[in-house]
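Take a look at the letters that make up each chain.
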Amino acid sequence: MNDRRKTVAVLGAGTMGSGIASVMARTGHRTFLYDIAEDNLQRGVDTVHGFFDNSVRKGKLTEHQAVDAKASLEGTTELTALRDCDVVVEAVFEDLDLKKDLFGRLDDIVGESTLFHTNTSTLSVTGIASGSRSPERVVGTHYCNPAPLMKLVEVADGRHTAGWAHKATIEFLNSLGKTSVVTKDRPGFIVNRFLIPWENSCIRALESGLGTKESIDAAVLGSLGHPMGPFRLLDIVGMDIHQQVATRLYEQLRDPRFFPPPMVERMVAAGDLGRKTGRGFYEYDDTRLFGS
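No experiment lies behind these values; they were computed from the predicted model shown. The written sequence of each chain sets the order in which its residues are numbered from 1. Only residues with pLDDT of 70 or above have their local features reported here, since the model is predicted, and side-chain atom pairs are shown and tallied only from 80 upward, although totals for entire chains, interfaces and linings are computed over all residues. Hydrogen atoms and water are omitted, and side-chain values are computed over all heavy atoms in the structure.

Undergrad: What am I meant to see in the packing of helix α10 (residues 239-253) against helix α11 (residues 262-270) here?
TA: When two helices pack together, their arrangement is given by the angle between their axes and by how far apart the axes lie. Here the axes come from fitting lines to C-alpha atoms, over the contacting stretch only for helices, and the angles between their N-to-C directions go from 0 to 180 degrees. Runs of H or I in DSSP of at least four residues are treated as helices and runs of E of at least two as strands, each being numbered from the N terminus. Closest axis-to-axis distance for the α10/α11 pair is 9 Å, and the angle between their directions is 135 degrees. Between α10 and α11, the angle falls in the class oblique. In this structure, α10 crosses over α11, and the sense of that crossing is left-handed. Contacts between α10 and α11 involve Met-239, Asp-240, His-242 and Gln-243 from the former and Val-264, Glu-265, Met-267 and Val-268 from the latter. When residue character is reported, Ala, Val, Leu, Ile, Met, Phe, Trp, Tyr, Cys and Pro are called nonpolar, Asp, Glu, Lys and Arg charged, and the others, Gly included, polar. Looking at the contact of α10 with α11 residue by residue, the classes come out as four nonpolar, two polar and two charged. Each angle receives one of four descriptions, namely roughly parallel if under 35 degrees, roughly antiparallel if over 145, roughly perpendicular if within 65 to 115, and oblique otherwise. We call a crossing left-handed when the near helix sits turned anticlockwise from the far one by less than a right angle, and right-handed when that turn is clockwise. Contacts are assigned to residue pairs with any non-hydrogen atoms lying within 4.5 Å of each other.

Undergrad: Is there a simple way to think about the sheet that holds strand β8 (residues 179-183) in this case?
TA: Sheet strands associate in pairs through backbone hydrogen bonding, adopting either a parallel or an antiparallel arrangement. By the convention used here, strands pair only if DSSP detects at least 2 bridges between them. Spatial strand order, β3-β2-β1-β4-β5-β6-β7-β8: eight strands in an open sheet with mixed pairing. Either end of the sheet is taken by a strand with one partner, and the two such strands are β3 (73-76) and β8. For this sheet, the mean inter-axis angle between neighbouring strands, taken without regard to orientation, is 25 degrees.

Undergrad: Can you walk me through the packing of helix α2 (residues 38-57) against helix α3 (residues 63-71) in this structure?
TA: For the pair α2 and α3, interaxial distance at closest approach is 9 Å and the crossing angle is 170 degrees. Between α2 and α3, the angle is such that the two are roughly antiparallel. Together, His-49, Phe-52, Asp-53 and Val-56 of α2 and Glu-63, Ala-66, Ala-69 and Lys-70 of α3 make up the contact between the two elements. Its residues placed into classes, the contact of α2 with α3 shows four nonpolar, one polar and three charged.

Undergrad: Quick question: what am I supposed to make of helix α4 (residues 96-107) here?
TA: Note on helix geometry: an α-helix contains 3.6 residues per turn, so any two residues three or four positions apart are oriented the same way. A rise of 1.5 Å per residue sets the reference length of α4, with its 12 residues, at 16 Å; its end C-alpha atoms lie 17 Å apart and thus fit the reference within 8%. Buried within α4 we find Lys-99, Leu-102, Phe-103, Gly-104, Leu-106 and Asp-107. Check the buried side of α4 and you find it contacts β1 (7-11), β2 (30-34), β4 (87-90), β5 (115-118), α5 (125-129) and β6 (138-143). Within 3.5 Å is the distance limit for a polar contact, defined as a pair of N or O atoms, with the added protein rule that one can donate a hydrogen and the other accept it, and that residues adjacent in sequence qualify only through two side-chain atoms. Of the residues that open α4, the one with a side-chain oxygen 3.2 Å from the backbone nitrogen of Asp-97 is Asp-95. Expected helix span is given by 1.5 Å per residue-to-residue step, counting one fewer step than there are residues. The classification of residues rests on relative accessible area computed with a 1.4 Å probe and restricted to protein chains. Under 20% of the type maximum is buried, over 50% is exposed, and intermediate values are partly exposed.

See below:
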């Protein structure tokens, strides 16, 4: 793949999908954001536009750059609209059958050289790739959340990933200004193997009264040098997503450190999912993505 402006797509207009789409549109690629539900799709497009608006207010983008970025994004509920895509990034719910089905359907729509990327962090890249007749073009690309702000992307080849697909993936991620770290096709890759148990420990510390959400966040900021505390980060990720990822990893690894604490279930049941619902550990007036 060369450095020309590419046609790319993101499947799934949730928090992660919208974040990845904003990265692609910001770097000038013609970007499709796909979702099966029209209301979810519109919410995702609005989220991306809101991110660019916030970026202008923070002086990170000019008005002209924001207009161009918005013009690069197009929402669709039709997979056939993706026929000319060079890269398709799957960022839907962590359901193996759903992911396999999407790649299988895309086999009949896109060209033979189209890269298939999966943003999974808990499921097998090899398993997802088995849904395609061309598993050699499937690569795991796990964007760290929030995708517009975090530079790291974990890259994991499936069992049958071809060398050309791996090389083209690294080149594409470079075009997005991302830093690639190559890992193995194992549950959690590198980041979530460390992050999920740590986040669960912070939640358990809060549950036990060891500190408040504010004091624990402050302690992490002041001592570990993280850009934000665990509860601010969890509010961005979404408690529903944390619950799903933690549960999936526990099911595969059977390590109790991965099992989500009771507070997670209560917050999800109450709909206190984080920034996207206006309330999680903290409350928010603006549910849109940060500007950068």
